[in-house]
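Coordinates in review
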Amino acid sequence: YYSGKAYNPYTLEPADHAWNAFFADGEWHLVDVTGGVTGANRQVFFDASIEQATQPYATANLKEFWSMENREKVNAWAADDVTQAFAYGLIPYTCIDDWNNSLTKTICTDNCSRKSFAQMAVALLEAYYGKGIDEILTEKGVTIGSFMDTDDPAVLAANALGLVNGYGNGPFGPENSITRQEAAAILARTAQVLGLPQNGADLSAFTDYSQIGTWARESVAVCKDLGVMQGTSDTAFSPLAPYTREQCIVTIKRLFETARG
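The shown structure was predicted, so the numbers you read here are calculated from the model rather than taken from an experiment. (Residues numbered from 1 in each chain as written. Predicted model: local features only at pLDDT ≥ 70, side-chain atom pairs only at ≥ 80, totals over all residues. Heavy atoms only, no water.)

On to the overall build of the protein. Of the regular secondary structure elements, the protein holds 8 helices and 3 strands. When contacts within the protein are restricted to residue pairs at least 6 apart in sequence, those whose partners lie at least 24 apart make up 65%. With the model as given, the accessible surface of the protein reaches about 12700 Å², and the carbon-plus-sulfur share is 49%. (Helix = DSSP H or I, 4+ residues; strand = E, 2+ residues; numbered from the N terminus. Contact = heavy atoms within 4.5 Å. Areas by Shrake-Rupley, 256 points an atom, 1.4 Å probe, with all protein chains shown as cover.)

Take the environment of Glu182 next. Residue placement: Glu182 occurs in helix H6 (residues 180-193). For Glu182 and Gly213, which are 31 residues apart along the polypeptide, the C-alpha to C-alpha distance reads 9.5 Å. Beyond its immediate stretch of four places on either side in the chain, Glu182 contacts Arg114, Tyr167, Ser177 and Trp215. Among the polar contacts made by the side chain of Glu182, one reaches the main-chain amide nitrogen of Thr179 at a distance of 3.0 Å. (Polar contact = N/O pair within 3.5 Å; in protein donor to acceptor, adjacent residues only side chain to side chain.)

Among the nonpolar cores identified, the biggest contains 64 residues, and Phe117 and Met120 are the most heavily contacted of them. Among the elements of the structure, helix H1 (76-88), helix H2 (93-100), helix H3 (114-129), helix H4 (133-140), helix H5 (153-160), H6, helix H7 (217-226) and helix H8 (245-260) are those that each provide at least two residues to this core. (Core = buried A, V, L, I, M, F, W, Y, C linked by side-chain atoms within 4.5 Å. Buried < 20%, exposed > 50% of the residue type's maximum accessible area, 1.4 Å probe, protein only.)

One can find Ser113 in the loop between H2 and H3. Residue Ser113 is classed as buried on the basis of its relative accessible area, which comes to 10%. Apart from the residues lying within four places of it in its own chain, the contact partners of Ser113 are Pro174, Glu175, Asn176, Ser177 and Ile178.

Inspection of the entire model under this criterion finds 7 salt bridges. The partner of Arg245 in a salt bridge is Asp110, and the shortest N-O contact between them spans 3.7 Å. Of the two residues, Arg245 is situated in helix H8 and Asp110 in the loop between H2 and H3; the sequence distance between them amounts to 135 residues. The exposure classification of Arg245 matches that of Asp110, with both residues buried. In this structure, Lys115 engages Glu175 in a salt bridge whose closest nitrogen and oxygen atoms are separated by 3.1 Å. With Lys115 in helix H3 and Glu175 in the loop between H5 and H6, the pair connects residues that are 60 residues apart, well separated along the chain. For Glu175, a relative accessible area of 54% puts it in the exposed group. Put simply, Asp81, Lys253 and Glu257 are held in one network by salt bridges that share partners. (Salt bridge = Lys/Arg side-chain N within 4 Å of Asp/Glu carboxyl O.)

Here we come to H3. For H3, spanning 16 residues, the distance from its first C-alpha to its last is 23 Å, which sits close to the expected 22 Å at 1.5 Å a residue. The set of residues buried in H3 consists of Arg114, Lys115, Ser116, Phe117, Ala118, Gln119, Met120, Ala121, Val122, Ala123, Leu124 and Leu125. Elements that come into contact with the buried residues of H3 comprise H2, H4, H5, H6 and H8. One or two positions beyond H3, positive phi appears at Gly130, with a value near 70°. (Expected span 1.5 Å × (residues − 1).)

In this section: H4. What H4 keeps buried is the set Ile133, Ile136 and Leu137. The buried residues of H4 occupy an angular sector of 100° when the element is viewed end-on, so they sit on one face. Away from its buried face by more than 90 degrees, H4 exposes Asp134 and Thr138. Buried residues along H4 sit in contact with H3 and H5. Gly141 lies just past H4 and shows a positive phi near 70°. (Arc of directions from axis to C-beta.)

The next thing to look at is the packing of H3 against H5. Orientation of H3 relative to H5, taken along the N-to-C sense of each, is 70°, at an axis distance of 8 Å. Looking at the two axes, H3 sits roughly perpendicular to H5. Crossing geometry of H3 relative to H5 is assigned as left-handed. Of the residues in H5, those touching H3 at Lys115, Ala118, Gln119 and Val122 are Ala154, Val155 and Ala158. Classifying every residue of the contact of H3 with H5 gives 5 nonpolar, 1 polar and 1 charged. (Axes fitted to C-alpha atoms, helices over the stretch in contact; angles between N-to-C directions. Parallel < 35°, antiparallel > 145°, perpendicular 65-115°, else oblique. Left-handed = near helix turned anticlockwise from the far one by under 90°. Nonpolar A, V, L, I, M, F, W, Y, C, P; charged D, E, K, R; others polar.)

Okay, the packing of aromatic side chains next. If you walk through the whole model with that rule in mind, you get 4 aromatic pairs. Between the aromatic rings of Tyr88 and Phe256, the centroid separation amounts to 4.8 Å while the plane-to-plane angle is 55°, which identifies the pairing as tilted. Of this pair, Tyr88 sits in helix H1 while Phe256 sits in helix H8, placing them 168 residues apart in sequence. Of the two residues, Tyr88 and Phe256, both sit in the buried class. (Phe/Tyr/Trp six-rings, centres within 6.5 Å; stacked < 30°, edge-to-face > 60°.)

See the structure below:
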């Protein structure tokens, strides 16, 4: 949902207006859903009969909206998966809201935070079970704890379900960029909650195997076996490298589809 100054396509005069955006094919598209407005104050660009439903008349003024044409980009390899993840409901509004307000004003190509990945893991469970996280927590018989540096409901729920952990002495580090091995651990734990096999694959081909934390090796093996997360090449996993938002989204989507069968 956006609001601000839109431009009358005939007079080119700005006027207060509101419109929506939808995500498809790896990018955002503006759409005006206020067509058919009538009355003395009716303005011509509210009329869907002049193709208002598909023409973003605010284009000339987009710089007032965080340079929308230059943000929220998705790399081509991830575009279809990201679009489908939106359709599945795997990217919660809390993520979008945080990303929209980030300093870079980009969405999918930035590094993902630990908080955002926890939120997506919870969204995956909600989408899979068709229930809210509170109901899932009740059914699992778990109670929410606390962290000293975040009270985000999804993070606390993910911790209660054993999907995420803190750093050992109270903090969670919600805004820290998540590493590839941390992401693998959360994915594997989520897979376990979903009842997926925890067999694990051979990791000997990774020349940086020794760099993978001992606590994360089993998770990396599980993710590789499930086809959810692979290496950065045939011979490297890059466990300490940051994980981008689009990479997080793609692997969350893969796990969701694997669980659905």
